[in-house]
Amino acid sequence: MKRLILASNNRKKLLELQAILEDTGIEVLSQREAGCDFEVDENGETFEENAYLKAFAVTQATGEAAIADDSGLCVDALGGEPGVYSARYTGNHEDTDEMRNDYLLSKLEDVENRSARFVSCICCTLPNGDVLRARGECEGEILRESRGSLGFGYDPIFLPEGFSLSMGEISPEVKNAISHRAKALDEFKKELREYNAAHK
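Below is a summary of the structure that appears in this document.

About the thresholds
- Residues numbered from 1 in each chain as written.
- Predicted model: local features only at pLDDT ≥ 70, side-chain atom pairs only at ≥ 80, totals over all residues.
- Heavy atoms only, no water.
- Core = buried A, V, L, I, M, F, W, Y, C linked by side-chain atoms within 4.5 Å.
- Buried < 20%, exposed > 50% of the residue type's maximum accessible area, 1.4 Å probe, protein only.
- Helix = DSSP H or I, 4+ residues; strand = E, 2+ residues; numbered from the N terminus.
- Contact = heavy atoms within 4.5 Å.
- Disulfide = S-S within 2.5 Å.
- Pairing = 2+ DSSP bridges.
- Axes fitted to C-alpha atoms, helices over the stretch in contact; angles between N-to-C directions.
- Phe/Tyr/Trp six-rings, centres within 6.5 Å; stacked < 30°, edge-to-face > 60°.

1. Brief notes about the nonpolar core
- Formed by 21 residues in total, the largest nonpolar core has its most connected members in Leu4, Leu17, Leu21, Ile67, Ile122, Leu185 and Phe188.
- When residues of this core are traced back to their parent elements, those giving at least two are strand 1 (3–6), helix 1 (11–20), strand 4 (115–125), strand 5 (131–142) and helix 5 (180–198).
- If you tally residues by element for this core, the top one is helix 5, at six residues.
- Here Leu185 is in contact with Leu17, Ile20, Leu21, Ile67 and Ile122, once residues within four sequence places are set aside.
- Core analysis: the second largest hydrophobic core is formed by 17 residues, Tyr89, Ala116, Tyr154 and Met167 among them.

This is the structure in structure tokens:
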């Protein structure tokens, strides 16, 4: 496999993926760069289901291997919310990250238990019908206010376990070593090596 199409046009997600997979020699393109100008309806009930839906749609459209990440924040005190609705938690997909962060913080205003985790589920669909999957989690807690302008999404309000800096304050290099997506992609790289070894 020489290249993978990322089933997303999220530039920040693409850059993270390219950085983490750099040592594999695999070229990663966005779906727009591969000529896919559609949005997949993410109507799955789990991160795994949504990742598969996105990757499968791109493989069907291009005939090439595709990779998708579906990820989000799960807050224990909110019963796992926002979960699969992380990108549209306020009810409006067009709202900014800052608006979603403010909304989440307002729901936790008087809550003491702030434990949470970022979850990332990776799915890679191949033209022959084979599917590779991986999952990664990053434990931590929700801060009481936003801190930092690095990263994206809920990063500024998430404090990773063992750190004094929010995910929005740590460098991209550190984030790419500890994040849920980094852990999922490490697992995916193992799956990919095993798959390639078995299909030589």
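2. Focus on the state of the cysteines
- What the rule picks out here adds up to zero disulfides.
- Left without a disulfide partner, Cys36 is nearest to the cysteine sulfur of Cys124, which lies 14 Å away.

3. A few points about the environment of Leu165
- Among the secondary structure elements, Leu165 is positioned in the loop between strand 6 (158–160) and helix 4 (172–178).
- Along the primary structure Leu165 and Leu143 are separated by 22 residues, whereas in three dimensions their C-alpha atoms are 10 Å apart.
- Each residue touching Leu165, except ones within four places of it in the same chain, is listed here: Arg147, Leu159, Pro160 and Ile170.

4. Topic: the sheet that holds strand 2 (residues 27–30)
- Strand order across the open sheet formed by six strands is 2-1-3-4-5-6, with mixed pairing between neighbours. Because the sheet does not close on itself, it has two edges, and the strands there are strand 2 and strand 6. Across the sheet, the axes of successive neighbouring strands diverge by a mean angle of 35 degrees, strand direction being ignored.
- Note that strand 4 and strand 5 share 11 bridges and pair antiparallel. Bridge pairing in strand 5 places Cys124 opposite Leu132.
- The strands touched by helix 2 (residues 47–62) are strand 1, strand 3 (66–75), strand 4 and strand 5; relative to strand 3, the strand with the most contacts, the crossing angle is about 160 degrees.
- Here helix 5 sits on the sheet in contact with strand 1, strand 3, strand 4 and strand 5, set at roughly 160 degrees to strand 5.

5. Let's talk about the packing of aromatic side chains
- Within this structure, the stated rule accounts for three aromatic pairs.
- On the numbers, 5.4 Å between centres and 15 degrees between planes, the contact of Tyr52 with Phe56 is stacked. Taken as a pair, Tyr52 and Phe56 lie in helix 2 at a separation of four residues, close to a single helical turn.
- Relative accessible area serves as the criterion here: at 33%, Phe56 is assigned to the partly exposed category.

Read these as geometric descriptors, not functional statements.
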